[in-house]
Amino acid sequence: MKQFSLYDADRVDQLVRPAYFEQLSGDSSAMVVFTDFRVYEPLVIDGTTTAIEAENMMKRSHVRLKLVIDSQGSFQGVIALDDLSNSEIIKKVAEGYNREELQVADMMRKRQDLKVFDFHELETMTVSDVLEVLRQYGHQHCLVVEREHHQIRGVISASDIARKLKMDISIQRPPKFAELYLSSLHR
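## Quick word on the overall build of the chain
1) Next: When you go through the chain residue by residue, the secondary structure sums to eight helices and eight strands.
2) Next: Taking all 187 residues of the chain together, the buried fraction comes to 32%.
3) Next: A fraction of 62% describes how many contacts in the chain between residues 6 or more apart in sequence connect residues 24 or more apart.
4) Next: Put simply, the chain shows about 13,400 Å² of open surface, and 51% of that area lies on carbon and sulfur atoms.

So this is what it looks like as structure tokens:
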């Protein structure tokens, strides 16, 4: 067996950071801000998890988005921390749901309602292109799919991009028709 040693750290005072080696800008390839599920395990949650439990788990682990799966592991939708806010839960309770029995599946954004990036198009995009699309649709996160394989390949996160670019990025979700209607009544 080989013999290995540990060394004194008394003369080490610098940290190596990715930012020293990678100059990221809006013109950089979108692939540098893409979380690839071939490299990183996707964050998933079972649709039967209670909404209250899911919110607590996501807050404790500082996670803003999880992929929702069923008992067979099939993709059902996504749940964002914002989807579990008190105001969203109150809306469901007003619809007749019991607060304690609300599940992630009741609160999630269903698969058929999601818009996604195509992986092969993403390979040709820049970070600025991605941000423009996210702003246009008002999305903080967007899944990336390989359509020919019917697979989710990864995710893009506006907060990850902001952190890597070291700048504030504001993405507002477009108002729903009901919100526009109500605001016009109050003018």
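On we go.
## Examining the sheet that holds strand β1 (residues 34-36)
The strands that make up a sheet pair up through hydrogen bonds in the backbone, lying either parallel or antiparallel.
1) Next: Pairing within the open sheet is mixed, and its four strands lie in the order β1-β8-β7-β6. Looking at strand neighbours, the two that pair on one side only are β1 and β6 (117-118), the edges of this open sheet.
2) Next: This element, helix α7 (residues 158-165), spans β1 and β8 (151-157) of the sheet and lies at about 50 degrees to β8.

## Observations regarding the packing of aromatic side chains
1) Next: Scanning all chains against the criterion turns up one aromatic pair.
2) Next: The interplanar angle of 50 degrees and the centroid separation of 5.7 Å between the aromatic rings of Phe34 and Phe119 together place this pair among those described as tilted. Of this pair, Phe34 sits in strand β1 while Phe119 sits in helix α5 (residues 119-122), and the two are 85 residues apart along the sequence.
3) Next: On the basis of relative accessible area, Phe34 is assigned to the buried category, the value being 8%.
4) Next: The lysine or arginine in question, Arg153, covers the ring of Phe119, its NZ or CZ lying 4.1 Å from the ring centre.

## Concerning the nonpolar core
1) Next: Membership of the largest hydrophobic core comes to 21 residues, with the highest contact counts inside it found for Phe117, Leu122, Val130, Leu134, Ile156 and Ile161.
2) Next: Among residues more than four places away in sequence, those in contact with Val130 are Ala30, Phe117, Leu122, Met125, Ile156 and Ile161.
3) Next: Counting residues in each nonpolar core, the second largest holds 13 residues, with Ile79, Ile89, Leu102 and Met107 among its members.

## A look at the side chain of Thr49
1) Next: Structurally, the position occupied by Thr49 is in the loop between β2 (44-46) and α2 (51-60).
2) Next: If sequence neighbours within four positions are ignored, Thr49 has contacts with Ala54, Met57, Leu102, Gln103 and Val104.

## Observations regarding the sheet that holds strand β4 (residues 75-80)
1) Next: Read across the open sheet, the four strands follow the order β2-β3-β4-β5; overall the sheet is mixed. The sheet is open, and its two edges are formed by β2 and β5 (109-110), each paired on a single side.
2) Next: With five bridges joining them, strand β3 (residues 65-69) and β4 adopt antiparallel strand pairing. Considered in β4, the bridge of Val68 is made with Gly77.

## Details of the environment of Asp113
1) Next: Relative to the assigned elements, Asp113 resides in the loop between β5 and β6.
2) Next: Along the primary structure Asp113 and Gly77 are separated by 36 residues, whereas in three dimensions their C-alpha atoms are 8.5 Å apart.

## Some points on the confidence of the model for the chain
1) Next: Averaged over every residue, the pLDDT of the chain is 88; the share at 70 or more is 89%.
2) Next: The spread of mean pLDDT over the elements of the chain runs between helix α8 (residues 177-185), the lowest at 45, and β2, the highest at 98.
3) Next: Counting contacts from residues 177-187, a segment whose pLDDT is below 50, to residues more than four positions away or on other chains yields two contacts.

## A look at the packing of helix α6 (residues 127-137) against α7
What describes two packed helices is the angle between their axes and the distance between those same axes.
1) Next: Interaxial distance between α6 and α7 falls to 11 Å at its minimum, and their mutual angle equals 140 degrees. With respect to their mutual orientation, α6 and α7 come out oblique. Remark: the crossing between α6 and α7 carries left-handed chirality. Side by side, α6 and α7 meet where Val127, Val130, Leu131 and Leu134 of the first sit next to Ala158, Ile161 and Leu165 of the second.

The rules behind each value
Residues numbered from 1 in each chain as written. Predicted model: local features only at pLDDT ≥ 70, side-chain atom pairs only at ≥ 80, totals over all residues. Heavy atoms only, no water. Helix = DSSP H or I, 4+ residues; strand = E, 2+ residues; numbered from the N terminus. Buried < 20%, exposed > 50% of the residue type's maximum accessible area, 1.4 Å probe, protein only. Contact = heavy atoms within 4.5 Å. Areas by Shrake-Rupley, 256 points an atom, 1.4 Å probe, with all protein chains shown as cover. Pairing = 2+ DSSP bridges. Axes fitted to C-alpha atoms, helices over the stretch in contact; angles between N-to-C directions. Phe/Tyr/Trp six-rings, centres within 6.5 Å; stacked < 30°, edge-to-face > 60°. Lys NZ or Arg CZ within 6 Å of the ring centre and 35° of its normal. Core = buried A, V, L, I, M, F, W, Y, C linked by side-chain atoms within 4.5 Å. pLDDT = per-residue confidence, 0-100. Parallel < 35°, antiparallel > 145°, perpendicular 65-115°, else oblique. Left-handed = near helix turned anticlockwise from the far one by under 90°.

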